[in-house]
Amino acid sequence: MAEQNQTAILLIGGLDPQGCAGLTADIQTVSHHGFHPVPLVTCVTEQTQNGMRALNPLTAEKFLKQYESCIADFEIAAIKIGLIPNLEIAQAIERIVSIHDVPVVMDPVMAATSGGKQVASDVLNFVRKSLLPKITLLTPNLPEMQYISANSDWSVEKQVRQLIEDGLSACLVKGGHGDQSFVSDYFANAFSQFYCYQPRLNKNVRGTGCVLASSLACYLAQGEDIRDAVILSRSYINRGIRESQPMGPYQLFSHQRQPVELRDIPRLSYTPDLIGKSFSFPECPDRLGIYPVVDSADWVNRLLTIGIKTIQLRLKQTDNAFLNAEIASAVDISNQHSDINFFINDHWRMAIDNGAYGVHLGQEDLHDADLLEIEQAGLRLGISTHSYWELARALAVNPSYIALGPIFETDSKQMPWQPQGFDRLAEWIRLLDGHTPLVAIGGIDLPRASALHKTGVGSVAMISAITKATDYQKVTHDLLALWRHSAN
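Computed from a prediction, not measured in an experiment: that's the story for all the values here.

Participant: Explain the domain arrangement of the protein chain to me, please; I cannot follow it from the model alone.
Facilitator: Where interface size is given, it is often the accessible area lost as the parts come together that is meant. Here the protein chain is partitioned into domain 1 (8-274) and domain 2 (289-485). Tallying the contact residues gives 17 residues for domain 1 and 15 residues for domain 2. Between domain 1 and domain 2, roughly 1,500 Å² of surface is buried when both sides are summed, and carbon and sulfur atoms account for 66% of that area. The largest contributions to the domain 1 side of the interface with domain 2 come from Leu262, Leu268 and Tyr270, which together make up 41% of the buried area. Summed over the shared surface of domain 1 and domain 2, the result is zero salt bridges. There are four residue pairs in polar contact (both at pLDDT 80 or more) connecting domain 1 and domain 2. For the side of domain 1 that touches domain 2, the secondary-structure elements that each account for two or more residues are helix 8 (226-242) and strand 13 (267-269). The greatest single-element share of the side of domain 1 that touches domain 2, amounting to four residues, is contributed by helix 8. Here the side of domain 1 that touches domain 2 is composed, by residue class, of 11 nonpolar, one polar and five charged.

Participant: Looking at this structure, how should I read helix 8?
Facilitator: Two residues of an α-helix separated by three or four positions point the same way, owing to the 3.6 residues in each turn. For helix 8, with 17 residues, the first-to-last C-alpha span of 24 Å sits near the 24 Å given by 1.5 Å per residue. For helix 8, a buried count of 15 out of 17 residues is recorded, marking the element as mostly surrounded by other parts of the structure. The opening residue of helix 8 is aspartate 225, an N-cap whose side-chain oxygen sits 2.7 Å from the backbone nitrogen of arginine 227.

Participant: Please clarify how the pairing of strand 21 (residues 459-462) should be interpreted in this entry.
Facilitator: For a regular strand, side chains alternate in direction, first toward one face of the sheet and then toward the other. Every second residue of strand 21 is oriented toward a common face, with Ser459 and Ala461 on one face and Val460 and Met462 on the other, all of them buried. Judged from the four bridges that link them, strand 14 (residues 289-294) and strand 21 form a sheet pairing that is parallel. Within strand 21, the position partnered with isoleucine 290 by the bridge is valine 460. Sheet topology places strand 20 (residues 438-441) next to strand 21; three bridges connect them, and they run parallel. In the sheet register, isoleucine 441 faces strand 21, and the bridge partner there is alanine 461. In this fold, the crossover linking strand 20 to strand 21 by way of helix 16 (residues 446-453) has right-handed handedness.

Participant: Which parts of the structure should I look at to understand the confidence of the model for the protein chain?
Facilitator: Parts of the prediction with low pLDDT should not have their coordinates interpreted in detail. In this model, the protein chain carries an average pLDDT of 91, and 94% of its residues clear a pLDDT of 70 or more. Every residue in residues 1-5 scores below 50 in pLDDT, and together they form 14 contacts with partners more than four places removed in sequence or on other chains. Low pLDDT, under 50, characterises residues 111-116; the stretch is placed with 12 contacts to residues that sit more than four places away or in other chains.

Participant: Even after reading the chapter, I still don't get unusual backbone geometry, so can you show me in this structure?
Facilitator: Negative phi values dominate among residues other than glycine, just as trans dominates among peptide bonds. For the peptide bond that leads from glycine 405 to proline 406, omega is -10°, which places it in the cis range. Tracing the chain through its elements places proline 406 in the loop between strand 19 (401-404) and helix 15 (421-432). Of note, the phi angle at aspartate 339 is positive, near 55°, even though the residue is not glycine. Topologically, aspartate 339 is positioned in the loop between helix 10 (320-335) and strand 16 (341-345). The exposure class of aspartate 339 is exposed, given its relative accessible area of 68%. Residues other than glycine seldom take positive phi values, yet asparagine 398 does so here, at roughly 60°. Along the chain, asparagine 398 falls in the loop between helix 14 (388-397) and strand 19.

Participant: Would you mind going over the nonpolar core with me for this structure?
Facilitator: Inside soluble globular proteins, nonpolar side chains tend to come together where they are buried. Ranked by internal contacts, the top residues of the largest apolar core, which has 118 residues, are Phe342, Leu371, Ile374 and Val460. Here this core gets nine residues from one element, more than from any other, and that element is helix 7 (residues 208-221). Looking at which domains feed residues into this core, each of domain 1 (8-274) and domain 2 (289-485) gives three or more. Setting aside residues no more than four positions away along its own chain, valine 460 makes contact with Gly289, Ile290, Tyr291, Ala440, Ile444, Ala449, Leu452 and Trp483. Formed by 44 residues, the second largest nonpolar core is a distinct cluster that contains Leu132, Ile135, Val160 and Val173.

Participant: In this structure, what is going on with the side chain of histidine 360? I would like to understand it.
Facilitator: If you trace the backbone, histidine 360 turns up in strand 17 (residues 358-361). The exposure class assigned to histidine 360 is buried, which follows from its relative accessible area of 5%. In this structure, histidine 360 is in contact with Gln312, Ile344, Asn345, Asp346, Gly382, Ile383, Ser384, Tyr401 and Ala403, ignoring residues within four places of it in sequence.

The rules behind each value
Residues numbered from 1 in each chain as written. Predicted model: local features only at pLDDT ≥ 70, side-chain atom pairs only at ≥ 80, totals over all residues. Heavy atoms only, no water. Domains from an automatic or database assignment. Contact = heavy atoms within 4.5 Å. Buried area = accessible area lost by both parts, 1.4 Å probe. Salt bridge = Lys/Arg side-chain N within 4 Å of Asp/Glu carboxyl O. Polar contact = N/O pair within 3.5 Å; in protein donor to acceptor, adjacent residues only side chain to side chain. Helix = DSSP H or I, 4+ residues; strand = E, 2+ residues; numbered from the N terminus. Nonpolar A, V, L, I, M, F, W, Y, C, P; charged D, E, K, R; others polar. Expected span 1.5 Å × (residues − 1). Buried < 20%, exposed > 50% of the residue type's maximum accessible area, 1.4 Å probe, protein only. Pairing = 2+ DSSP bridges. Right-handed = clockwise from strand over helix to strand, strands pointing away. pLDDT = per-residue confidence, 0-100. Core = buried A, V, L, I, M, F, W, Y, C linked by side-chain atoms within 4.5 Å.

Pasting the structure below:
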């Protein structure tokens, strides 16, 4: 999190006199994320549990004067937009957004979920044509999505695609108003789409849409990838709903500063048919130890002969006959040793056909692999992750282990991710402790392996530290001795 008051989040929205939603919820959220909240009031509403009675909008002149005060003394890191009461305020907001080159999250409070009227059609048309193209992320619920879309009989996915074609950067459709046992949100931008879901909690908490959008604005202000921001903000929402407490006729959201908990991280799937799908892959040892990644059966033989117990064969050739022969040979070698954890990278069908112990898949391979077939064949499954949204995808699959990387700079292949570092590794050790074994990978050599073991991670994978060493046997023995010594 950013240090408190380091930067400010401009919060544009209505004032809820009961303090459950609107700017009150925005302010609490931003404060708990370590930013300074700067509220810009669009209207002073009259609303109770029975619905909205009046909006009482400010004049555009007073609204813009208020804005000048908001920005006079603070650096704006992101903008969150909520209730827009009329066209004049909508036009003023569009002018404000045009001034600031920062992330903008809009929670389109245009179809009240607890009663009240929808905004006028002129506001909706202006938002569609002039405001949405300037928005970083739109966060409608299902009724709001139906209202915003000019094609309400389309599927949500098709409605979102149309908005993106019309100029919107990204959309997160909240699924809380559905009636399924899982709450499923749908995210899409021009490059990716996914569903994030979690079991529905039987709690009716007001203001969660405001909290989600404000949380997203904070994470985007920190420079998080938009997909990570979605997962982290949804985790914040899940915890706040889970720990909500009754107050009058409501359940009040519980804001927390504590780190994310694993049970609150949503699961992620790329297709709706996998929402809630449960897999059960066999377990592997919690501490896999020194885990070389090699490119030939010969290297498998060399390293198993001198004491390595966990190893992965990663072949990049394209000739299927060669691949199958090399995998078959490596499996045969591993079977000649006791208690060997031998994984095949990517080539899951050949791993099944040749009776390998397990298979390791990157995120791209999860699109194409038949996970059910791998599960039914009894293979262990390891999955590479580089971000929170990829962690959410891996958790949905329930693999035998999860690999996080690159921990350090690596030249083994081109990586679009920044090194994870010790802090991120420590965070994931805490999250996955007792749930899924964690493997650290990327740029690891003997000194770094020593430092990493002190973090408590049970496994370190290395690609070149052994196979490119002048004396691979000495390096391997030193790593094994270090790991055994450090474990005592």
